[in-house]
Amino acid sequence: MFAILSDIHSNLEALTAVLEDIEKRGIKTIYCLGDVIGYGANPKECLDLIIEKASWCVLGNHDYAVFYEPTNFNYGAEQASFWTREVLEAELRRDLSDRRWRFLGELPMRWSLDADMGNSKAIMEFVHASPRRPINEYIFPDDVYTNPAKVRLLFERVNHICFVGHTHMPGVFLDEPDFYLPSELDGVYPIRDDEKAIINIGSVGQPRDKDNRASYVYVNKNNVHFVRVKYDFQTTMKKISAVDRLDNFHAERLRDGR
Ligand SMILES: [Fe+2]
């Protein structure tokens, strides 16, 4: 059994609530699909928690933005990444600073593993965004209707199961192509030997599917469980509003889940 988190975006309250939920379920193994930082007010705290709790993490576009440079960011997101970099650079403790920068600088673009499903094995791949452009390509639910050729091409790069984040919208893509919201699956996707799936696990720290609760998944045998966790988003909003350099939109969207 393991949990997968993505798109924490420096939201300490959401991350803490999700980690508590994971612990309550007795899950000991945590993987992370990137975007630990960016947008929110607690980059150091979120990095430290992920470094401590996650077995591994792949590179997200916002992690890339802070360590290297922002690419294709809107003004607000770019400002947030410059501010985040300054916060990390201002750390006075050399050991903490080194550990955070080393973590960001060593994040891999992809990860894979063969998972035991009980009677069979599943080949699992993990990227932040998409199997062909691992840190920057968005796979939107609408692509299934507006750009089915794109989704089919993406599936050519998938062996079996590919976990992604990036859009902050949880759900399951099949290669028809088709898209299913977690609610249409009663919150559980059963992995099958003969079915490829791209599974978006949603966002811990900035959900955009009109549900403001933190999103993550855990995998138990062959079942992928979609979970939502309430957290104190008002505290997170206040912290963002208190930082001049962070656009207030990043606070408001937490309340609305957009
Ligand atoms: Fe993100």
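Scroll up for the structure.
Cut-offs used in this document
- Residues numbered from 1 in each chain as written.
- Predicted model: local features only at pLDDT ≥ 70, side-chain atom pairs only at ≥ 80, totals over all residues.
- Heavy atoms only, no water.
- Buried < 20%, exposed > 50% of the residue type's maximum accessible area, 1.4 Å probe, protein only.
- Helix = DSSP H or I, 4+ residues; strand = E, 2+ residues; numbered from the N terminus.
- Arc of directions from axis to C-beta.
- Contact = heavy atoms within 4.5 Å.
- Phe/Tyr/Trp six-rings, centres within 6.5 Å; stacked < 30°, edge-to-face > 60°.
- Lys NZ or Arg CZ within 6 Å of the ring centre and 35° of its normal.

Novice: Is there a simple way to think about helix 7 (residues 148-156) in this case?
Specialist: For an α-helix, 3.6 residues make a turn, and residues three or four places apart therefore share a direction. Every buried residue of helix 7 is listed here: Lys 150, Val 151, Leu 154 and Phe 155. Down the axis of helix 7, the buried side of the element spans an arc of 140°, and every buried residue falls inside it. Where the residues of helix 7 are buried, they touch helix 6 (143-146), strand 7 (171-174) and strand 10 (197-200).

Novice: I'm lost on the packing of aromatic side chains in this one. Help?
Specialist: Aromatic ring pairs: the centre-centre distance and the angle between the two ring planes describe each pair. A complete count under the given rule lists twelve aromatic pairs for this structure. Note on Trp 56 and Trp 111: the rings are 4.8 Å apart at their centroids and 15° apart in plane angle, and the pair reads as stacked. You can see Trp 56 sitting in strand 3 (residues 56-57) and its partner Trp 111 sitting in strand 4 (residues 110-116), a full 55 residues away along the chain. An aromatic cluster of at least three residues, connected via ring pairs, comprises Phe 2, Tyr 31, Trp 56, Trp 111, Phe 126 and Phe 163. Directly above the aromatic system of Tyr 39 lies the positively charged group of Arg 253, at a separation of 5.7 Å from the ring centroid.

Novice: Explain unusual backbone geometry to me, please; I cannot follow it from the model alone.
Specialist: Leaving glycine aside, a negative phi is the common case for residues, and trans is the common case for peptide bonds. Cis geometry marks the peptide bond from Glu 176 to Pro 177, where omega comes out at 5°. Following the sequence through the fold, Pro 177 ends up in the loop between strand 7 and strand 8 (178-180). Even without glycine at this site, Lys 210 takes up a positive phi of about 70°. Within the element layout of this structure, Lys 210 appears in the loop between strand 10 and strand 11 (214-220).

Function-wise, these values are silent; they only describe arrangement.
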